[in-house]
2 protein chains.
Amino acid sequence: MTIQSYLDIAEKKRCLRDTKFKKEWLIPEDELPGSDVKDVLSWPIECGFLSSREIEITESDLPSIAKQIQSKTWSAFEVTSAYCHRASIAHQLVNCLSEVFFEEGLARAKELDDIYEKTGKLVGPLHGLPISLKDNLNVKGQATTIGFVGFAFNPEEFNEDSCLVSLLRNAGAVFSFKTNVPVAMMMPESTNYIFGNTSNPFNRNLTSGGSSGGECALGALLGRCYCGIGSDIGGSLRIPASMQNLFTLRPSSGRFPTLGSRSGLPGLESVASVNGPISTTLTSLELYCKTVVNEGKPWLTDPKCLELPWREVELPEKLIFAVLKDDGVVKPYPAISRAVDMTVKSLKEAGHEVIEWNPLHHKRLTDIVGEFFLSDGGKHCKEYANLTGEPFFPYMKMYNTAKEMSVSALWDLHSERTKLCKEYLEQWNSTASKTACNRPIDAIVMPVSPYSGVGIGKFTYIGYTAVFNALDWAAGTIPVTRADKSCDVKDTLYKPRNDADKLTYDLFDAEEVDGGAAAVQIVCKKLQEEKLVSIMKVVSKTLGTESYWDRKL
Amino acid sequence: MTIQSYLDIAEKKRCLRDTKFKKEWLIPEDELPGSDVKDVLSWPIECGFLSSREIEITESDLPSIAKQIQSKTWSAFEVTSAYCHRASIAHQLVNCLSEVFFEEGLARAKELDDIYEKTGKLVGPLHGLPISLKDNLNVKGQATTIGFVGFAFNPEEFNEDSCLVSLLRNAGAVFSFKTNVPVAMMMPESTNYIFGNTSNPFNRNLTSGGSSGGECALGALLGRCYCGIGSDIGGSLRIPASMQNLFTLRPSSGRFPTLGSRSGLPGLESVASVNGPISTTLTSLELYCKTVVNEGKPWLTDPKCLELPWREVELPEKLIFAVLKDDGVVKPYPAISRAVDMTVKSLKEAGHEVIEWNPLHHKRLTDIVGEFFLSDGGKHCKEYANLTGEPFFPYMKMYNTAKEMSVSALWDLHSERTKLCKEYLEQWNSTASKTACNRPIDAIVMPVSPYSGVGIGKFTYIGYTAVFNALDWAAGTIPVTRADKSCDVKDTLYKPRNDADKLTYDLFDAEEVDGGAAAVQIVCKKLQEEKLVSIMKVVSKTLGTESYWDRKL
């Protein structure tokens, strides 16, 4: 018996995955854009490999596709086919797919068409709609690698749909692939030994971010039909969404089901991993939320879900925002500061009120989240890596060296976290004394990360997102603009305030990140997902980026 | 400097507490019932020390008292005075009070009367209503000992009202004392070195239970005006409530605020300590719930609370129950089995459906809860005991000997618990196939513990309650009947199934527990508190125990 190295196993898996692509959709290497072509956002619809009908379908949001399927203008099969074709092209551009099961998706779409034909009834509100899945969601018959080579061939153990997948399937959604993630989903770049790195279609020299990087790179290339599911325990939805200028919602824990999702840190409950939608449109994102919660009633199947419907909200005409421009730890890149300023300016011009936000305890809460991640001394990650002997990536090295925390120390850390969360909540309440009408703010507007795109290996700071994982608050992202080397230049007079700040400042290169996405984060309180989505609509409409992904066809 | 022993400190504290009673309310020792008088339930209203007006007040539920205060028939001061007078008598009978601050309560009542007089407005829905507090709730200016001698004189550190106390105070509630608990609130009998043991007014040879035993012993003697707050992490509301035939609600975590409550296991989050109301009437209990949630909006002040109003529920006319008579581990005492049978019989006679419930994973989930309690290796409890060198009670000895769990093992235990909770939820869903109308059950009816009252040191099994702490489901208790030595006799043919069963069986003594309370537990799913309270109303009305605490005056 030959002992296979982790690289052998990874290659075997990758080769198997590659057999799942449809040959007629694969574009010859020499017809693909060269590595010198950094921005490939428009390539799928300009390359000539998609039919105008395929473009029309994939440039429609989910509610529109649903209408066309209902009216039998499009069949679910035709939609799935167009979707998979475009996803196949996207993959050739940025290496975003991990498991590929186009045939299963097309077969299910055909089955849905037959049901509709025979019964005259749609199976649910997502009948025939394609939903993309991050690799951590178990799907019957497919592997869930979460980037570990040791999991490349283990479908048996995870051979049931996760709770969320099952619920969406029952609502009519069609799944045809899963998307790439970093090892254990604990790195800010989506790379692993099996599938390699997913690059950023805004600028292929930049990372797609992580851990939902496969999703977001794909999403930016799929057009308006894109709606996928990622997960977030420290920023894993928001960071890649911001790096691809997508809409996402990181919900509070208990809104969307997580049962049957695989984790690199299984059983960690001190900070909850949640999943949420990512999309090129807020219409698709909202359809997803309503369907999962109100149709899916996930509290009936996931013991951690809250029996809480997706509620209608009525916003005040004039909203009150607090803006956080800099968390005092790591200064954002120029394009991010510009994106925040643009947002504030447009909100003020539209008559909304904007006050300043103090980043209370952001550093400590971020550090605490990091301590929670490592509290098992990296034991679970080491166990999974040791299945094949795969080495740790530099971003993950602390999981190999961490010392296991004692449970009593963990309890004390919980107590400290709760105290800081209380003070944060009080700060929110106290804004009532600073606003024109004496009510507290409705939301915070701030960066998602310091980076308007970032080169490989240069992502070093998650403080702008992780704080809201500690708080378990609802937070989303909306697109604003793109980095522009002609105006987003280094402030040569800036004096970094600490090592983390210096690292980020020193590594900034306006030329390198040119064209990178620049989004902003909108934050509401715990379980205010509906309010947050409504506010994201207002802000993106005010900014004019509600239609950021619309294309003239 | 003399080093004080823990007994010296405890005595000093007890003596200080005793100075807080009003001399004119204290009954001379020789006029109190002798230790041979076991049942003292009626003593407060029959002893002649309370005026008929004081009896009238204390035999009114909270909504009635509120009306009388609003109409100025009674002043808040008069209500507080009657309440404290009766509580003082209760204390002399069963030793239920820990911190005593009648003067503060009376002063606040006077202040509320003045406000009402001057403004014509009540400060809130609880204006002038007395609410009793378990000793774990921090109250400005009072100690929170949670039974540790080392905390007997530490008001400074905890010198703010807990979130819940503050919210109730704002709604008009009046606080005049706190009630006794077991050390760390981790024993099923309310005893500690400072205040000693709280006995059971149904039969003073029996324990009041724990950990909310001070509350429940008091409640049974206070009459219909009683509404107090206890906490529950393994059964600490339901066990003492059942041993005093009271109504209680153990809510799911996040419904009522816990911030600023003291714990013997601070920072433990694997199983949540929650607090909830205990009362002699469901009318008071419901007023409490509505006020705390809808008026108090605790999500604005406690970061762990859910933004979820107290909702109106409409029950189906015919309810479906599952009954669990025996969990397969420890067989209940005869009076408990009789109480469950009485409940089932009355429900069936009223036209409700009753099917059988399988105690799926009850033993393992109970064991897991026990492992969570001890996961810090008893470090926090040892630290608190070591402040004065107080020894551990036999019930607590495992906190002195436990080995600290590793965080990685804790994560694995979380994963196991979640898997078992999923299977439990699926079992609930699967009842749809067994009921007449093919919908799942509405609630489970079952014992609260094996014991219809229990002698000191004989409480050995919390499996009937702890399983719902693991699940975080809503569970309540309602009174049914009392143990009767003439019919609740030992089944001499019974063969115990295991050591725990044998221990409970062997220690049962029909004579000893004669007159003990026999309640039942009603269980709904997570966050179904409103539905549970509505069902508790239906069941107690059907049983005729809705008015269990009504007395002919």
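Residues numbered from 1 in each chain as written. Chains lettered and ligands numbered in written order. Predicted model: local features only at pLDDT ≥ 70, side-chain atom pairs only at ≥ 80, totals over all residues. Heavy atoms only, no water.

Further remarks concern the overall build of chain A. Looking only at helices and strands, chain A features 18 helices and 13 strands. Against the globule reference of 24 Å for 553 residues, chain A gives a C-alpha radius of gyration of 22 Å, in line with a compact fold. By principal-axis analysis of the C-alpha atoms, chain A measures approximately 60 × 60 × 50 Å. The burial tally for chain A puts 63% of its 553 residues in the buried class. Pairs at least 24 residues apart make up 80% of the contacts formed inside chain A by residues separated by at least 6 positions. (Helix = DSSP H or I, 4+ residues; strand = E, 2+ residues; numbered from the N terminus. Rg over C-alpha atoms; globule rule 2.2 N^0.38 Å. Buried < 20%, exposed > 50% of the residue type's maximum accessible area, 1.4 Å probe, protein only. Contact = heavy atoms within 4.5 Å.)

The next subject is unusual backbone geometry. The phi angle of most residues is negative, glycine excepted, and most peptide bonds adopt the trans form. Residues and elements named next belong to chain A. With omega at 5 degrees, the peptide bond leading from Gly 210 into Ser 211 counts as cis. Mapped onto the elements, Ser 211 comes out in the loop between β5 (203-207) and α8 (213-222). One non-glycine residue with positive phi stands out, namely Ile 146, at about 35 degrees. When its relative accessible area of 0% is taken as the criterion, Ile 146 is described as buried.

Bringing the layout of surface pockets into the picture now. Over the atoms a probe the size of a water molecule is rolled, and this reveals where empty space is left. Residues and elements named next belong to chain B. In this structure, the second largest pocket encloses a volume near 810 Å³. Along its surface, the second largest pocket is lined by 32 residues, and Tyr 395, Met 398, Thr 460, Tyr 461 and Ile 462 are the ones closest to its centre. Residue assignment for the lining of the second largest pocket shows that the elements contributing at least two residues are α12 (362-373), α14 (397-401) and α17 (499-507). Ranked by residues supplied to the lining of the second largest pocket, first place goes to α12 with 6 residues. The class makeup of the residues in the lining of the second largest pocket is 18 nonpolar, 10 polar and 4 charged. (1 Å grid on protein atoms, 1.4 Å probe; cavity = no way out; pocket = protein on both sides within 12 Å on 5 of 7 lines; lining within 4 Å. Points joined across faces, edges and corners; volume = space filled by probe spheres on them. Nonpolar A, V, L, I, M, F, W, Y, C, P; charged D, E, K, R; others polar.)

All names here are of chain A. Spatial ordering of the open sheet is given by β1-β3-β2-β6-β8-β7-β12-β13-β11-β9-β10, a layout of 11 strands whose pairing is mixed. Strands at the two margins of the open sheet, each flanked by one partner only, are β1 (97-100) and β10 (353-356). Each strand axis lies, on average, 30 degrees off the axis of its neighbour in the sheet, ignoring direction. Bridge analysis of strand β6 (residues 227-232) against strand β8 (residues 274-279) gives 6 bridges, and the strand direction is antiparallel. Its bridge partner being in β8, Ile 229 is matched across the sheet by Pro 277. Lying over the sheet, helix α11 (residues 334-349) contacts β9 (320-323), β10, β11 (443-446), β12 (475-482) and β13 (517-523), oriented at roughly 55 degrees with respect to β13. (Pairing = 2+ DSSP bridges. Axes fitted to C-alpha atoms, helices over the stretch in contact; angles between N-to-C directions.)

So, on to the UniProt feature "binding site: substrate" (unreviewed entry) in chain A. All names here are of chain A. Per the UniProt entry, the sites bearing "binding site: substrate" (unreviewed entry) are Met 185, Ser 211, Ile 233, Gly 234, Gly 235 and Ser 236 in this numbering. A maximum C-alpha distance of 10.7 Å places the annotated residues, which cover 52 residues in sequence, within one compact spot. Within the element layout of this structure, Met 185 appears in the loop between β3 (177-179) and β4 (199-200). Residues within four places of Met 185 in sequence aside, it is in contact with Lys 134, Asn 136, Ile 146, Ser 211, Ser 231, Ser 236, Arg 262, Ser 263 and Gly 264. (UniProt positions renumbered as here; feature names shortened; annotations may be inferred.)

With that settled, the discussion passes to the nonpolar core. Core analysis: the biggest nonpolar cluster contains 351 residues, and A:Leu168 and B:Leu168 have the highest contact counts within it. Apart from residues no more than four positions distant in its own chain, A:Leu168 is found in contact with A:Leu126, A:Ile131, A:Ala173, A:Phe175, A:Ile229, A:Tyr288 and A:Val292. Counting 6 residues, the second largest nonpolar core, distinct from the first, contains A:Leu308, B:Leu306, B:Leu308 and B:Leu527. (Core = buried A, V, L, I, M, F, W, Y, C linked by side-chain atoms within 4.5 Å.)

Residues and elements named next belong to chain A. Structurally, chain A comprises domain 1 (3-23 + 38-297) and domain 2 (321-543). Computed over C-alpha atoms only, the centres of domain 1 and domain 2 are separated by 25 Å. Taken together, the contact pairs 55 residues of domain 1 with 66 residues of domain 2. Together, the buried faces of domain 1 and domain 2 total about 4,900 Å²; carbon and sulfur atoms form 62% of this surface. Remark: the boundary between domain 1 and domain 2 carries 5 salt bridges. The partner of Arg 482 in a salt bridge is Asp 39, with the nearest N and O atoms 3.0 Å apart. The interface formed by domain 1 and domain 2 contains 31 residue pairs in polar contact (both at pLDDT 80 or more). When residues of the side of domain 1 that touches domain 2 are traced back to their parent elements, those giving at least two are α1 (6-18), β5, α9 (238-243), β7 (247-250) and α10 (282-295). (Domains from an automatic or database assignment. Buried area = accessible area lost by both parts, 1.4 Å probe. Salt bridge = Lys/Arg side-chain N within 4 Å of Asp/Glu carboxyl O. Polar contact = N/O pair within 3.5 Å; in protein donor to acceptor, adjacent residues only side chain to side chain.)

Looking now at helix α7 (residues 163-170) of chain B. All names here are of chain B. If you check which residues of α7 are buried, you get Cys 163, Leu 164, Val 165, Leu 167 and Leu 168. Next to the buried residues of α7 lie β2 (132-134), β6 (227-232), β8 (274-279) and α10 (282-295). Backbone geometry just downstream of α7 places Gly 172 in the positive-phi region, at approximately 105 degrees.

Moving on, we come to the relation of the copies chain A and chain B. Once chain A has been moved 0.0 Å along the axis and rotated by 180 degrees, it coincides with chain B to within an RMSD of 0.0 Å. Both copies of the chain, as the preceding transformation shows, are related through a two-fold rotation axis. In this assembly, 100% of the residues forming the interface of chain A have copies in chain B that are likewise at the interface, indicating an isologous arrangement. (Least-squares fit on C-alpha atoms with pLDDT ≥ 70 in both.)

With that out of the way, let us pick up the side chain of B:Asp113. Residue and element names in this part refer to chain B. Topologically, Asp 113 is positioned in helix α6 (residues 102-119). Despite its burial, Asp 113 pairs with no opposite charge; the closest candidate is Lys 110, at 6.7 Å N-O. A polar contact is formed between the side chain of Asp 113 and the backbone nitrogen of Ala 76, at a distance of 2.8 Å. Excluding its chain neighbours within four sequence positions, the residues that come into contact with Asp 113 are Ser 75, Ala 76, Phe 77 and His 127. (Lys, Arg positive; Asp, Glu negative; His and termini not counted.)

To continue, consider the pattern of salt bridges. This model, assessed by the stated rule, comprises 74 salt bridges over all chains. Residue A:Glu286 pairs with A:Lys537 through a salt bridge whose shortest N-O separation is 2.8 Å. Here A:Glu286, found in helix α10, pairs with A:Lys537, found in helix α18 (residues 529-543); they are 251 residues apart in sequence, far enough to count as distant. For B:Asp506, the salt bridge goes to B:Lys502, with nearest N and O atoms at 2.7 Å. With B:Asp506 and B:Lys502 both in helix α17, this residue pair falls 4 residues apart, about one helical turn. On the basis of relative accessibility, which here comes to 43%, the residue B:Lys502 falls in the partly exposed class. A network of salt bridges, in which partner residues are shared, links A:Arg255, A:Arg311, A:Glu529 and A:Glu530.

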